Each structure stands twice: as structure tokens, then as C-alpha cells.
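A structural walkthrough
Okay, here's what each chain looks like letter by letter:
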Amino acid sequence: MKRFSKPALPPAVPILIACALFAACLGCSSQEPQPQSDVASGGLVPDTKPAPPVRWVDATIPEGTLLPLKLVGRIDPATCKAGDAFRARLDDAVLVGDQVVLPAGSFVEGVLVPGPVQEGGIGPHALGLKFQTINTPTGAGAVLDVRLRQPPRGRVALEEGTLLSVVLRSPLQIKVKH
């Protein structure tokens, strides 16, 4: 029996075949770039509508309304003097009807004054507490006309968190975000 052998390919042919296959693979993988989705937002497009305009309405808190405040910081008659500022935080929300007019967390700012102003004298030289303004977390603010319901007794330091209940002497006009 006679055996036949395959004719040998020229040495350049296998290299040409390999290059053709390689080029074909590259051509298959080069497609138009696909738009990428925003992975961080789960593929959702952020809302581009403008926020609705804020609507403010006038509110009136009646005279005689109690505002439960807690002192922020400490007032020490040994180290404080007239003109020093103090802050207190509204402990509970104030409602007019069923609407929150002063949210809990609103801040009242005041100043220490000489003498027992508003029956709140403290310290060896009798410093008084003068409550000036209230500012809400929504950005509204108003000037206060209040008196201490129960002034601190004696000439002692007022510790952080001391309850300072004040009562409105006149109606309080304030804007409320609606």
C-alpha cells in the first residue's frame, strides 16, 4: 500500500490565517459605544423639574401662650456679665388650631441685662434675662415680647437644660412655611 502525504503549506500561509482570524475577532468586538446607565442611581434619570415655590402664610400666636424653653449652655453669674448672649431651645411645638406655628427645636436668643429684668434676676449683681427673638428651623423669625412664667430663684447659676417657661405678653406674628 502506498501512502499519500498532504502537500505542505508554504510557511507564510499559517501566519496569514492567524492574522486574518485575529483581525476578524477585533472587527466583531468593535461596536458603537452604548450609552451607560447611571449605576449609582439605579439607572434612573434624576428629576429635573424645579422645586415648587415655597408658600408662606401669616400666623398669629395669641397673647398668654406658654413657650416651654430649655437653656442651651450655662449662665454663671460669677463669669457672665450684662451684654452676654444666651440661647434657649423650644422644647415642644406650638400649635394654633391644628397647624404647627413654632416647631420644636426653634431657638430663642436673648441677652443678659443688668438688674432683675422680667423677674429673672440672677447673680451677685442681679443679671436679668431679656428674650429677644425666636428663629424656627424653617427659616422664619420674629421679635419676642415675653415674660418668665416662673423666674429662677436666688442668685445661682443656670445649668444647661434648665426649663425657662415664658409667656407671650402680646400676640406673636410669624410667617409659617405652608
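Structure shown above.
Before going into details, it helps to say that this report is about the structure given with it. (Residues numbered from 1 in each chain as written. Predicted model: local features only at pLDDT ≥ 70, side-chain atom pairs only at ≥ 80, totals over all residues. Heavy atoms only, no water.)

1. Re the overall build of the protein chain
The secondary structure content of the protein chain amounts to one helix and 11 strands. Starting at the N terminus and ending at the C terminus, the protein chain contains elements arranged as α-β-β-β-β-β-β-β-β-β-β-β. Going through the 178 residues of the protein chain one by one, you find that 29% of them count as buried. Pairs at least 24 apart in sequence give 62% of the contacts found in the protein chain among residues at least 6 apart. In the structure as shown, the protein chain presents an accessible area of about 12,200 Å², 59% of it carried by carbon and sulfur atoms. (Helix = DSSP H or I, 4+ residues; strand = E, 2+ residues; numbered from the N terminus. Buried < 20%, exposed > 50% of the residue type's maximum accessible area, 1.4 Å probe, protein only. Contact = heavy atoms within 4.5 Å. Areas by Shrake-Rupley, 256 points an atom, 1.4 Å probe, with all protein chains shown as cover.)

2. Focus on the nonpolar core
Generally speaking, a soluble globular protein has its nonpolar side chains buried in company with each other. By size, the foremost hydrophobic cluster in this structure holds 31 residues, and its most contacted members are Leu-102, Leu-129, Phe-131 and Leu-144. Ranked by residues supplied to this core, first place goes to strand β7 (residues 127–135) with four residues. With sequence-adjacent residues up to four places away left out, Leu-102 is seen in contact with Ile-61, Leu-67, Leu-90, Asp-92, Ala-93, Val-94, Ile-134, Thr-136, Leu-172 and Ile-174. (Core = buried A, V, L, I, M, F, W, Y, C linked by side-chain atoms within 4.5 Å.)

3. Overview of the environment of Val-72
Turning to its location among the elements, Val-72 is positioned in strand β2 (residues 66–72). For Val-72, a relative accessible area of 29% gives the class partly exposed. Put simply, Val-72 and Leu-158 are 86 residues apart on the chain and 10.0 Å apart in space, counted from C-alpha to C-alpha. Setting aside anything within four residues of it in sequence, one finds Val-72 in contact with Arg-87, Ala-88, Arg-89, Phe-107 and Glu-160.

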